[in-house]
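Now for the letters of each chain:
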Amino acid sequence: MTAVREPTRELRRLATRIDFALKQFLSERGTWDLTTKFEAPRHGWTLSNLALRHSQSTLTLAKTDMVLAPTAWVTARAAVETAARCLWLLQPEDEWEREARWIALLHEGARIKRKETEGFPHIVAQAKAIEDFANAVTAELPDGVSVPKRVDTIQEILAAEGEGLPRFYVMASQYTHAAELGTRSYRTNLGTKAVYGDLVDAKDWLEPLWIAYLSFRVTAMRLIYLKGEDLTEILELADRQVAEARDAFVASLQAKEPV
(Lines give C-alpha, C1' and ligand atoms only; values in the text may rest on other atoms or scores of the structure.)
Protein backbone atom coordinates (compact mmCIF):
# COMPACT_ATOMS: atom_id res chain seq x y z
CA MET A 1 0.00 0.00 0.00
CA THR A 2 1.05 3.61 -0.46
CA ALA A 3 2.30 5.16 2.75
CA VAL A 4 0.34 8.13 4.06
CA ARG A 5 3.44 9.47 5.76
CA GLU A 6 6.79 7.98 4.87
CA PRO A 7 9.03 7.10 7.83
CA THR A 8 11.93 9.48 8.28
CA ARG A 9 15.47 8.33 7.63
CA GLU A 10 16.29 8.43 11.34
CA LEU A 11 13.18 6.42 12.21
CA ARG A 12 14.05 3.74 9.67
CA ARG A 13 17.62 3.63 10.95
CA LEU A 14 16.48 3.16 14.55
CA ALA A 15 14.02 0.41 13.57
CA THR A 16 16.73 -1.32 11.51
CA ARG A 17 19.27 -1.19 14.35
CA ILE A 18 16.73 -2.58 16.80
CA ASP A 19 15.85 -5.34 14.35
CA PHE A 20 19.54 -6.29 14.12
CA ALA A 21 19.92 -6.21 17.90
CA LEU A 22 16.87 -8.42 18.45
CA LYS A 23 18.37 -11.02 16.14
CA GLN A 24 21.62 -10.98 18.10
CA PHE A 25 19.85 -11.43 21.42
CA LEU A 26 17.73 -14.19 19.89
CA SER A 27 20.85 -15.99 18.68
CA GLU A 28 22.60 -15.73 22.05
CA ARG A 29 19.47 -16.82 23.91
CA GLY A 30 19.19 -19.97 21.83
CA THR A 31 16.96 -22.88 22.79
CA TRP A 32 18.94 -24.47 25.64
CA ASP A 33 15.95 -24.08 27.97
CA LEU A 34 13.89 -26.49 25.89
CA THR A 35 16.28 -29.28 26.90
CA THR A 36 15.86 -28.85 30.66
CA LYS A 37 13.70 -31.13 32.80
CA PHE A 38 11.96 -28.12 34.34
CA GLU A 39 8.88 -26.54 32.84
CA ALA A 40 9.41 -22.92 33.92
CA PRO A 41 12.37 -22.22 31.60
CA ARG A 42 10.45 -23.81 28.73
CA HIS A 43 7.46 -21.61 29.41
CA GLY A 44 9.82 -18.66 29.75
CA TRP A 45 11.09 -19.46 26.26
CA THR A 46 7.54 -19.32 24.86
CA LEU A 47 6.91 -15.99 26.59
CA SER A 48 10.21 -14.65 25.28
CA ASN A 49 9.24 -15.68 21.76
CA LEU A 50 5.86 -14.01 22.12
CA ALA A 51 7.54 -10.80 23.27
CA LEU A 52 9.86 -11.03 20.27
CA ARG A 53 6.99 -11.27 17.78
CA HIS A 54 5.19 -8.32 19.33
CA SER A 55 8.44 -6.34 19.16
CA GLN A 56 9.03 -7.30 15.53
CA SER A 57 5.48 -6.25 14.69
CA THR A 58 6.21 -2.84 16.16
CA LEU A 59 9.30 -2.53 13.97
CA THR A 60 7.37 -3.58 10.87
CA LEU A 61 4.83 -0.84 11.51
CA ALA A 62 7.62 1.72 11.96
CA LYS A 63 9.18 0.84 8.61
CA THR A 64 5.82 0.90 6.81
CA ASP A 65 4.06 4.18 7.62
CA MET A 66 4.39 6.76 10.39
CA VAL A 67 0.60 7.04 10.75
CA LEU A 68 0.60 3.50 12.21
CA ALA A 69 2.09 4.75 15.49
CA PRO A 70 -1.15 4.26 17.49
CA THR A 71 -1.09 0.55 16.64
CA ALA A 72 2.62 0.44 17.48
CA TRP A 73 1.77 1.57 21.00
CA VAL A 74 -0.60 -1.41 21.22
CA THR A 75 1.93 -3.97 19.99
CA ALA A 76 4.66 -2.50 22.21
CA ARG A 77 2.29 -2.70 25.17
CA ALA A 78 1.67 -6.38 24.35
CA ALA A 79 5.44 -6.90 24.22
CA VAL A 80 6.04 -5.31 27.61
CA GLU A 81 3.14 -7.21 29.19
CA THR A 82 4.52 -10.48 27.88
CA ALA A 83 8.00 -9.59 29.10
CA ALA A 84 6.62 -8.81 32.55
CA ARG A 85 5.06 -12.28 32.80
CA CYS A 86 8.34 -13.85 31.73
CA LEU A 87 10.34 -11.89 34.30
CA TRP A 88 7.90 -12.74 37.10
CA LEU A 89 8.03 -16.43 36.17
CA LEU A 90 11.82 -16.63 36.05
CA GLN A 91 12.63 -14.17 38.85
CA PRO A 92 13.31 -16.72 41.65
CA GLU A 93 16.79 -18.20 41.74
CA ASP A 94 15.44 -21.48 43.11
CA GLU A 95 14.29 -23.74 40.28
CA TRP A 96 11.38 -25.18 42.28
CA GLU A 97 10.09 -21.72 43.14
CA ARG A 98 10.08 -21.01 39.41
CA GLU A 99 8.12 -24.22 38.86
CA ALA A 100 5.57 -23.08 41.44
CA ARG A 101 5.13 -19.81 39.59
CA TRP A 102 4.64 -21.71 36.35
CA ILE A 103 1.78 -23.61 37.98
CA ALA A 104 0.28 -20.30 39.11
CA LEU A 105 0.32 -19.16 35.49
CA LEU A 106 -1.43 -22.41 34.51
CA HIS A 107 -4.20 -21.73 37.00
CA GLU A 108 -4.57 -18.24 35.59
CA GLY A 109 -4.78 -19.68 32.09
CA ALA A 110 -7.59 -21.98 33.19
CA ARG A 111 -9.69 -18.89 33.83
CA ILE A 112 -10.73 -18.86 30.19
CA LYS A 113 -13.79 -20.60 31.64
CA ARG A 114 -15.96 -17.58 32.36
CA LYS A 115 -19.53 -16.45 31.98
CA GLU A 116 -18.73 -15.35 28.42
CA THR A 117 -17.40 -18.80 27.42
CA GLU A 118 -19.91 -21.08 29.18
CA GLY A 119 -21.71 -21.82 25.90
CA PHE A 120 -18.55 -23.14 24.23
CA PRO A 121 -17.89 -26.73 25.38
CA HIS A 122 -14.42 -26.93 23.82
CA ILE A 123 -13.28 -23.88 25.83
CA VAL A 124 -14.76 -25.27 29.05
CA ALA A 125 -13.07 -28.61 28.41
CA GLN A 126 -9.76 -26.92 27.73
CA ALA A 127 -10.00 -24.96 30.98
CA LYS A 128 -10.72 -28.14 32.95
CA ALA A 129 -7.83 -29.97 31.33
CA ILE A 130 -5.45 -27.16 32.30
CA GLU A 131 -6.76 -27.04 35.85
CA ASP A 132 -6.55 -30.82 36.30
CA PHE A 133 -3.00 -30.84 34.96
CA ALA A 134 -1.96 -27.96 37.24
CA ASN A 135 -3.39 -29.75 40.29
CA ALA A 136 -1.59 -32.97 39.39
CA VAL A 137 1.76 -31.20 39.01
CA THR A 138 1.24 -29.31 42.27
CA ALA A 139 1.07 -32.64 44.09
CA GLU A 140 4.59 -33.42 42.86
CA LEU A 141 6.23 -30.28 44.27
CA PRO A 142 8.82 -30.81 47.03
CA ASP A 143 7.86 -30.15 50.64
CA GLY A 144 8.07 -26.49 51.53
CA VAL A 145 7.35 -25.25 48.00
CA SER A 146 3.90 -23.75 47.50
CA VAL A 147 2.14 -22.27 44.50
CA PRO A 148 1.58 -18.49 44.77
CA LYS A 149 -2.04 -17.65 45.46
CA ARG A 150 -2.00 -15.17 42.61
CA VAL A 151 0.17 -13.89 39.81
CA ASP A 152 1.48 -10.38 40.40
CA THR A 153 -0.29 -7.75 38.32
CA ILE A 154 1.52 -6.26 35.36
CA GLN A 155 1.69 -2.92 37.16
CA GLU A 156 3.35 -4.56 40.18
CA ILE A 157 5.90 -6.36 38.04
CA LEU A 158 6.77 -3.28 35.99
CA ALA A 159 7.06 -1.10 39.09
CA ALA A 160 9.80 -3.42 40.33
CA GLU A 161 11.62 -3.22 36.99
CA GLY A 162 11.56 0.57 36.64
CA GLU A 163 13.00 2.22 33.50
CA GLY A 164 9.78 4.15 32.91
CA LEU A 165 7.87 0.96 32.15
CA PRO A 166 4.88 1.61 34.45
CA ARG A 167 4.25 5.02 32.88
CA PHE A 168 4.56 3.62 29.37
CA TYR A 169 2.10 0.85 30.21
CA VAL A 170 -0.48 3.37 31.40
CA MET A 171 -0.04 5.57 28.33
CA ALA A 172 -0.09 2.62 25.92
CA SER A 173 -3.32 1.42 27.52
CA GLN A 174 -4.95 4.60 26.24
CA TYR A 175 -4.40 3.35 22.68
CA THR A 176 -5.28 -0.26 23.49
CA HIS A 177 -8.61 0.62 25.10
CA ALA A 178 -9.51 3.54 22.82
CA ALA A 179 -9.41 5.97 25.72
CA GLU A 180 -9.29 9.75 25.46
CA LEU A 181 -5.56 10.20 24.98
CA GLY A 182 -5.53 7.47 22.37
CA THR A 183 -7.65 9.67 20.10
CA ARG A 184 -5.17 12.54 20.27
CA SER A 185 -3.41 11.12 17.22
CA TYR A 186 -6.29 12.61 15.27
CA ARG A 187 -7.23 15.66 17.31
CA THR A 188 -5.49 18.46 19.16
CA ASN A 189 -7.16 20.46 21.94
CA LEU A 190 -10.80 20.24 22.97
CA GLY A 191 -14.09 21.95 22.19
CA THR A 192 -14.01 24.91 19.81
CA LYS A 193 -10.19 24.82 19.75
CA ALA A 194 -10.10 21.24 18.46
CA VAL A 195 -8.27 20.54 15.21
CA TYR A 196 -8.85 17.20 13.47
CA GLY A 197 -6.69 15.21 11.06
CA ASP A 198 -3.94 12.58 10.82
CA LEU A 199 -1.60 14.21 13.31
CA VAL A 200 0.85 11.38 13.94
CA ASP A 201 4.49 12.39 13.61
CA ALA A 202 7.95 10.91 14.09
CA LYS A 203 7.99 11.89 17.78
CA ASP A 204 5.17 9.42 18.47
CA TRP A 205 7.50 6.53 17.64
CA LEU A 206 10.27 7.01 20.18
CA GLU A 207 8.66 5.25 23.13
CA PRO A 208 7.02 2.32 21.30
CA LEU A 209 10.27 1.39 19.55
CA TRP A 210 12.39 1.72 22.67
CA ILE A 211 9.98 -0.29 24.81
CA ALA A 212 9.64 -2.95 22.11
CA TYR A 213 13.43 -3.31 22.18
CA LEU A 214 13.66 -3.53 25.96
CA SER A 215 10.79 -6.01 26.16
CA PHE A 216 12.48 -8.79 24.23
CA ARG A 217 15.94 -7.86 25.45
CA VAL A 218 15.08 -8.40 29.13
CA THR A 219 13.53 -11.81 28.48
CA ALA A 220 16.50 -12.93 26.42
CA MET A 221 18.96 -11.72 29.05
CA ARG A 222 17.10 -13.54 31.83
CA LEU A 223 17.27 -16.80 29.90
CA ILE A 224 20.92 -16.17 29.01
CA TYR A 225 21.63 -15.62 32.70
CA LEU A 226 19.87 -18.84 33.67
CA LYS A 227 22.07 -20.59 31.12
CA GLY A 228 25.05 -19.41 33.15
CA GLU A 229 26.24 -16.80 30.68
CA ASP A 230 26.28 -13.01 30.57
CA LEU A 231 26.31 -10.10 28.13
CA THR A 232 28.70 -10.89 25.27
CA GLU A 233 30.70 -8.48 23.13
CA ILE A 234 28.28 -8.81 20.21
CA LEU A 235 25.36 -7.97 22.49
CA GLU A 236 27.21 -4.99 23.93
CA LEU A 237 27.84 -3.81 20.37
CA ALA A 238 24.17 -4.25 19.49
CA ASP A 239 23.20 -2.21 22.56
CA ARG A 240 25.59 0.59 21.59
CA GLN A 241 24.31 0.69 18.02
CA VAL A 242 20.71 0.93 19.20
CA ALA A 243 21.62 3.67 21.69
CA GLU A 244 23.46 5.63 18.98
CA ALA A 245 20.52 5.34 16.59
CA ARG A 246 18.15 6.40 19.35
CA ASP A 247 20.28 9.46 20.12
CA ALA A 248 20.33 10.40 16.42
CA PHE A 249 16.55 10.00 16.24
CA VAL A 250 16.06 12.22 19.31
CA ALA A 251 18.42 14.82 17.82
CA SER A 252 16.39 14.86 14.60
CA LEU A 253 13.21 15.45 16.60
CA GLN A 254 14.77 18.28 18.55
CA ALA A 255 16.02 19.91 15.34
CA LYS A 256 12.40 20.14 14.13
CA GLU A 257 11.09 21.73 17.32
CA PRO A 258 10.28 25.45 17.06
CA VAL A 259 12.84 27.71 18.71
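All values reported here derive from a predicted model rather than from experimental measurement. (Residues numbered from 1 in each chain as written. Predicted model: local features only at pLDDT ≥ 70, side-chain atom pairs only at ≥ 80, totals over all residues. Heavy atoms only, no water.)

(A) How the structure looks around the overall build of the chain. Check the secondary structure of the chain and you find nine helices and two strands. Counting from the amino terminus, the chain carries its helices and strands in the arrangement α-α-α-α-α-α-α-β-β-α-α. In the chain, buried positions account for 42% of the 259 residues. By element, 55% of the accessible surface of the chain is carried by carbon and sulfur atoms, the whole surface being about 13,900 Å². (Helix = DSSP H or I, 4+ residues; strand = E, 2+ residues; numbered from the N terminus. Buried < 20%, exposed > 50% of the residue type's maximum accessible area, 1.4 Å probe, protein only. Areas by Shrake-Rupley, 256 points an atom, 1.4 Å probe, with all protein chains shown as cover.)

(B) Looking closely at the pattern of salt bridges. Applying the stated criterion across every chain, the model contains 14 salt bridges. A salt bridge links Glu-93 to Arg-222; the shortest N-O distance between them is 3.6 Å. Highlighted residues: Glu-93 in the loop between helix H3 (69–90) and helix H4 (95–109) and Arg-222 in helix H8 (residues 206–226), separated in sequence by 129 residues. For the salt bridge of Arg-217 with Asp-239, the shortest nitrogen-to-oxygen distance reads 2.7 Å. In this pair, Arg-217 is assigned in helix H8 and Asp-239 in helix H9 (residues 233–256), connecting sequence segments 22 residues apart. (Salt bridge = Lys/Arg side-chain N within 4 Å of Asp/Glu carboxyl O.)

(C) Spotlight on the side chain of Gln-24. Position of Gln-24 relative to the elements: it lies in helix H1 (residues 9–29). Assessed through its relative accessible area of 19%, Gln-24 is described here as buried. Beyond its immediate stretch of four places on either side in the chain, Gln-24 contacts Ile-234, Leu-235 and Ala-238. (Contact = heavy atoms within 4.5 Å.)

(D) Representation of the packing of helix H6 (residues 154–161) against helix H7 (residues 165–176). Two elements in contact, H6 and H7, have axes whose closest approach is 7 Å; the angle formed by their N-to-C orientations is 145°. Contacts from Ile-154, Gln-155, Leu-158, Ala-159 and Glu-161 in H6 reach Leu-165, Pro-166 and Tyr-169 in H7. (Axes fitted to C-alpha atoms, helices over the stretch in contact; angles between N-to-C directions.)

(E) Region of the structure containing the packing of H1 against H8. Here H1 crosses H8 at 10°, and the two axes come no closer than 9 Å. One element, H1, and the other, H8, form an angle in the roughly parallel class. Between H1 and H8, the residues in contact are Leu-11, Leu-14, Ile-18, Ala-21, Leu-22, Phe-25, Leu-26, Glu-28 and Arg-29 and Leu-209, Tyr-213, Phe-216, Arg-217, Ala-220, Met-221, Leu-223 and Ile-224, respectively. Broken down by class, the residue content of the contact of H1 with H8 amounts to 14 nonpolar, no polar and three charged. (Parallel < 35°, antiparallel > 145°, perpendicular 65-115°, else oblique. Nonpolar A, V, L, I, M, F, W, Y, C, P; charged D, E, K, R; others polar.)

(F) Examining H3 more closely. Helix length check: H3 (22 residues) gives 31 Å between terminal C-alpha atoms against 32 Å at 1.5 Å per residue, within 8%. With 17 of 22 residues buried, H3 lies mostly within the body of the structure. (Expected span 1.5 Å × (residues − 1).)

(G) Representation of the environment of Tyr-169 within the structure. With respect to the secondary-structure elements, Tyr-169 resides in helix H7. Overall, Tyr-169 belongs to the buried group, its relative accessible area being 7%. C-alpha separation for the pair Tyr-169 and Glu-81, spaced 88 residues apart in sequence, amounts to 8.2 Å. Setting aside residues up to four positions removed in sequence, Tyr-169 forms contacts with Arg-77, Val-80, Glu-81, Ile-154, Gln-155 and Leu-158.

(H) Up close: the packing of aromatic side chains. Applying the stated criterion across every chain yields a total of six aromatic pairs. Here Phe-38 and Trp-96 contribute two aromatic rings whose centre-to-centre distance is 5.2 Å and whose plane-to-plane angle is 85°, an arrangement assigned as edge-to-face. Of this pair, Phe-38 sits in the loop between H1 and helix H2 (39–64) while Trp-96 sits in helix H4, and the two are 58 residues apart along the sequence. Aromatic pair Trp-73 and Tyr-175: ring centres 5.0 Å apart, planes at 25°, arrangement stacked. With a gap of 102 residues between them, Trp-73 in helix H3 and Tyr-175 in helix H7 connect regions that are remote in the sequence. Members of the aromatic cluster, each reached through a chain of ring pairs, are Phe-25, Trp-210 and Tyr-213. (Phe/Tyr/Trp six-rings, centres within 6.5 Å; stacked < 30°, edge-to-face > 60°.)

(I) Expanded view of the nonpolar core. Residues Ile-18, Trp-205, Leu-209, Tyr-213 and Phe-249 are the most contacted members of the largest nonpolar core, which totals 62 residues. When residues in this core are grouped by element, the largest group, 11 residues, is from H8. Discounting chain neighbours no more than four positions away, the residues touching Ile-18 are Leu-59, Leu-209, Tyr-213 and Val-242. (Core = buried A, V, L, I, M, F, W, Y, C linked by side-chain atoms within 4.5 Å.)

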